[in-house]
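# Structural characterization, general
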Amino acid sequence: MSNYSMNTKCVQAGYTPGNGEPRQIPIVQSTTFKYATSEDMGKLFDLEASGYFYTRLQNPTNDYVAAKIAELEGGTAAMLTSSGQAANFFALFNICECGSHIVASSSIYGGTFNLIAVTMAKMGITVTFVSPDSTEEELHAAFQENTRAMFGETIANPALTVLDIEKFAKVAHAHGVPLIVDNTFPTPVNCRPIEWGADIVTHSTTKYMDGHGAAVGGAIVDSGKFDWMAYPDKYPGLCTPDESYHGVNYAEKFGKEGAFITKCTVQLMRDLGCIQSPQHAFILNLGLESLHVRMPRHVENAQAVAEFLQKHPKVTYVNYSGLPDNKYYALAQKYLPNGGCGVVSFELKGGRAAAEIFMKNLKLAAIETHVADARTCCLNPATSTHRQMTDEQLVEAGIPAGLIRLSCGLEDKADLIADIEQALDAISE
Ligand SMILES: *Cc1c(COP(=O)(O)O)cnc(C)c1O
């Protein structure tokens, strides 16, 4: 399908049924697969033949959907995981081990920040966080002799910073290290990081890819471009025999195009088991079939809401990279020419008290710790996710008490704006 446009790939890539086969991706609801002889099965275990033997490692439903995501991102191989957290952990842990070091943007999802800064630290993997606005020199300075990966988010959740992917990739490659980009917020419809030099792309498919708030999931895509064999001392897990898997050398046997995902599947998924259920993969694919139709509407609604809020006297500032006065407008024009995503954040002049009244009065927008849903939802971090912090601590963290994160859904934008307007009206002057 590689010659078709993004729109066509969203609908049809990954699965091409033969004569008389199901038109829709079949849900292969089976943990295991049958073989006539032990020799047949032995070839699969030796990775001499491809095929299925146990759903923890691979399942046809998951593979159809992963193949679609690989095509959307322009990668050579992909796999699904049980969540976005698992996707980022697997992508990093596939090339890092005790004693390794990661350079990561400080502007990333809170769950990923904890994963890297706290949980992976317990495994002996250290990190240097860098500002996404760092100069090339500052980025170079963060690298160490044991650095094995660089990490960032195309549009960070929730700060909405835009990553200069080309700059990050250039610095990572100068140190012989791959750049891993979490592309959850724009999705491949709005940005394809591989085209800008990213080596590995990850997703929380829980967000726009599913898009209906129905299934938690994740995905990892390999660009097939990083030459592991050029750095065998850095990536022994890929470039030397895996004694836990019959001495296979992944880079030699599967090449640049297949080594990363093969190792991640047969080693990490085998041992850690964060598999996505075939049912969830099926639901995810229903979301993917309309991703190219939904993303432009999320962007259109967010742009209209951001422009409305910017003019409102009860709003201090609006953070949306589609607004010309936004700090990331120029980067967004470069990497996200068709818009970024549906998430907008803004601060109410009246602080915490105004935020409470505003949230209480919304009728269409529901209060949720979720984003990227067909239904508009919103969150006031000060009274929910960050409620243990004082107003002073919140300001220091860049999350003032009056900050609202609004994820614009697919409703009519006039209805959304009317809802926001009446909720703002309820705040007394
Ligand atoms: C939500 C999110 C994650 C974590 O994904 P889950 O599916 O909730 O595990 C990772 N990265 C980003 C950018 C996210 O928004």
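Whatever comes next refers back to the structure up there.
Read on for a plain summary of the structure. (Residues numbered from 1 in each chain as written. Predicted model: local features only at pLDDT ≥ 70, side-chain atom pairs only at ≥ 80, totals over all residues. Heavy atoms only, no water.)

The full set close to the ligand counts 15 residues, and Asn157, Asp182, Ser204, Thr206 and Lys207 are the nearest of them. A distance of 2.8 Å is found between an oxygen atom of the ligand and a side-chain nitrogen or oxygen belonging to Ser204. If the ligand stood free it would expose 380 Å²; the protein chains cover 92% of that surface. Here the element with the most residues in the shell around the ligand is helix α4 (residues 84–93); it accounts for three residues. (Near = heavy atom within 4 Å. Polar contact = N/O pair within 3.5 Å; in protein donor to acceptor, adjacent residues only side chain to side chain. Areas by Shrake-Rupley, 256 points an atom, 1.4 Å probe, with all protein chains shown as cover. Helix = DSSP H or I, 4+ residues; strand = E, 2+ residues; numbered from the N terminus.)

Listed as buried for helix α5 (residues 110–119) are Thr112, Leu115 and Ile116. An end-on view of α5 places all buried positions within 80° of arc, on one side of the element. (Buried < 20%, exposed > 50% of the residue type's maximum accessible area, 1.4 Å probe, protein only. Arc of directions from axis to C-beta.)

Let us look at the environment of Arg270. Assignment of secondary structure puts Arg270 in helix α10 (residues 250–272). On the basis of relative accessibility, which here comes to 22%, the residue Arg270 falls in the partly exposed class. Spatially, the C-alpha atoms of Arg270 and Arg56 are 6.7 Å apart, while their sequence positions differ by 214 residues. Sequence-distant contacts of Arg270, defined by excluding residues within four places in its chain, comprise Arg56, Leu57, Ser244, Tyr245 and Thr265. (Contact = heavy atoms within 4.5 Å.)

What follows is about the pairing of strand β4 (residues 147–153). Where burial is concerned, most of β4 is hidden: seven out of the seven residues are buried. For strand β2 (residues 101–105) and β4, the ladder comprises four bridges, and the chain directions are parallel. The partner of Ala104 across the bridge, within β4, is Phe151. (Pairing = 2+ DSSP bridges.)

Right, let's get into the packing of α4 against α5. Angle between the axes and distance between the axes are the two parameters that describe a pair of packed helices. Between α4 and α5, the least distance of the axes is 10 Å, while the angle of their chain directions is 35°. The handedness of the crossing between α4 and α5 comes out as right-handed. Every residue of α5 that contacts α4 at Gln85, Asn88, Phe89 and Leu92 is listed here: Gly111, Thr112, Leu115 and Ile116. Class assignment for the residues of the contact of α4 with α5 results in four nonpolar, four polar and no charged. (Axes fitted to C-alpha atoms, helices over the stretch in contact; angles between N-to-C directions. Left-handed = near helix turned anticlockwise from the far one by under 90°. Nonpolar A, V, L, I, M, F, W, Y, C, P; charged D, E, K, R; others polar.)

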